[in-house]
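Residue-level structural notes
For reference, the chains in residue letters:
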Amino acid sequence: MEPVFRALELTAQVAVRATGTQITFRGVEHLPAIGGAVVAINHTGYLDWLPAALAATRRRRRMRFMIKAEMQDVRFIAYLIRHTKTIPVDRRAGADAYAAAVQALRGGEIVGVYPEATISRSFELKEFKSGAVRMAREARVPIVPLIVWGAHRLWTKDHPRALGRNKIPVTVTVGSTIGPEGEAVELNQELRSRMTVLLHDAQDGYPRPRGAFWVPHRLGGGAPTPEQARRVEENELAERARRRSENR
């Protein structure tokens, strides 16, 4: 039953109704009804996980997410992690989290992974890390591409939250599964290609006012280009490294 997870599901559903968020689900039948699977999700904001998790509930499944280990420093979040089979990830030493994810997959769980690792400020797909396809290959489970579009309007990097009753539409599109057979490099390329098609399809069927911060530059919006976003991230990383050096 997992009472903590059930309580979270109910809370999420209430929050969606309270904010008037309209979530459209497409292709949910591609999420396996039984057995393990890696669900690869694009990362445009802090709430991408919620629509993805609700997509899983429509298949009577529960998605286990990988989360930054630092979140365990918050007592309430640490409690939720322990009681929802969430997998903490220490980015400096991720072997334990990787092994835990593979074990969960072999045990029949579906595990949500962000192949981009961090939020994309351009709202386009960044380059993918290989962890998602590697764990799918090791556990011998399929990979399911999943796109969330619109949730970044609620809360993303560099912009204020909009968590009131804004009735912001969100689209969740699930693509057909990719088998774990083949080399990791080729699988990663196939995954990114499939997710690009799904993302563009979701964007094409969604309002996109010219100049809006949440609309990609490619579509006439105010978001930075992928190259501009990459430079911002590089500057952030350099600044963090400088601070760590100063604090030693």
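Our structure is the block above this text.
Quick look at the structure, then. All of these numbers come straight from a predicted model, not from anything done at the bench.

Under the counting rule described, the total for this entry stands at 22 salt bridges. A salt bridge links glutamate 109 to lysine 85; the shortest N-O distance between them is 3.3 Å. Of the two residues, glutamate 109 is situated in the loop between α4 (95-106) and β5 (110-113) and lysine 85 in the loop between α3 (75-83) and β4 (87-89); the sequence distance between them amounts to 24 residues. For the salt bridge of glutamate 239 with arginine 243, the shortest nitrogen-to-oxygen distance reads 3.1 Å. Of this pair, glutamate 239 and arginine 243 both sit in helix α7 (residues 226-246), 4 residues apart, which is roughly one turn of the helix. We classify glutamate 239 as partly exposed; its relative accessible area is 27%. Among the charged side chains, a salt-bridge network with shared partners connects Glu2, Arg6, Glu9, Arg62, Arg64, Lys85 and Glu109.

Let's shift gears to the packing of α4 against helix α5 (residues 131-139). Relative orientation and spacing of two packed helices are given, respectively, by the angle between their axes and the distance between those axes. For the pair α4 and α5, interaxial distance at closest approach is 9 Å and the crossing angle is 50°. Here α4 is positioned oblique relative to α5, judged by the angle of their axes. Crossing of α4 over α5 shows right-handed handedness. Here α4 contributes Tyr98, Ala101, Val102, Leu105 and Arg106 to the contact with α5, which in turn contributes Gly131, Arg134, Met135, Glu138 and Ala139. Residue composition of the contact of α4 with α5, by class: 6 nonpolar, 1 polar and 3 charged.

Quick notes on the rules
- Residues numbered from 1 in each chain as written.
- Predicted model: local features only at pLDDT ≥ 70, side-chain atom pairs only at ≥ 80, totals over all residues.
- Heavy atoms only, no water.
- Salt bridge = Lys/Arg side-chain N within 4 Å of Asp/Glu carboxyl O.
- Helix = DSSP H or I, 4+ residues; strand = E, 2+ residues; numbered from the N terminus.
- Buried < 20%, exposed > 50% of the residue type's maximum accessible area, 1.4 Å probe, protein only.
- Axes fitted to C-alpha atoms, helices over the stretch in contact; angles between N-to-C directions.
- Parallel < 35°, antiparallel > 145°, perpendicular 65-115°, else oblique.
- Left-handed = near helix turned anticlockwise from the far one by under 90°.
- Contact = heavy atoms within 4.5 Å.
- Nonpolar A, V, L, I, M, F, W, Y, C, P; charged D, E, K, R; others polar.

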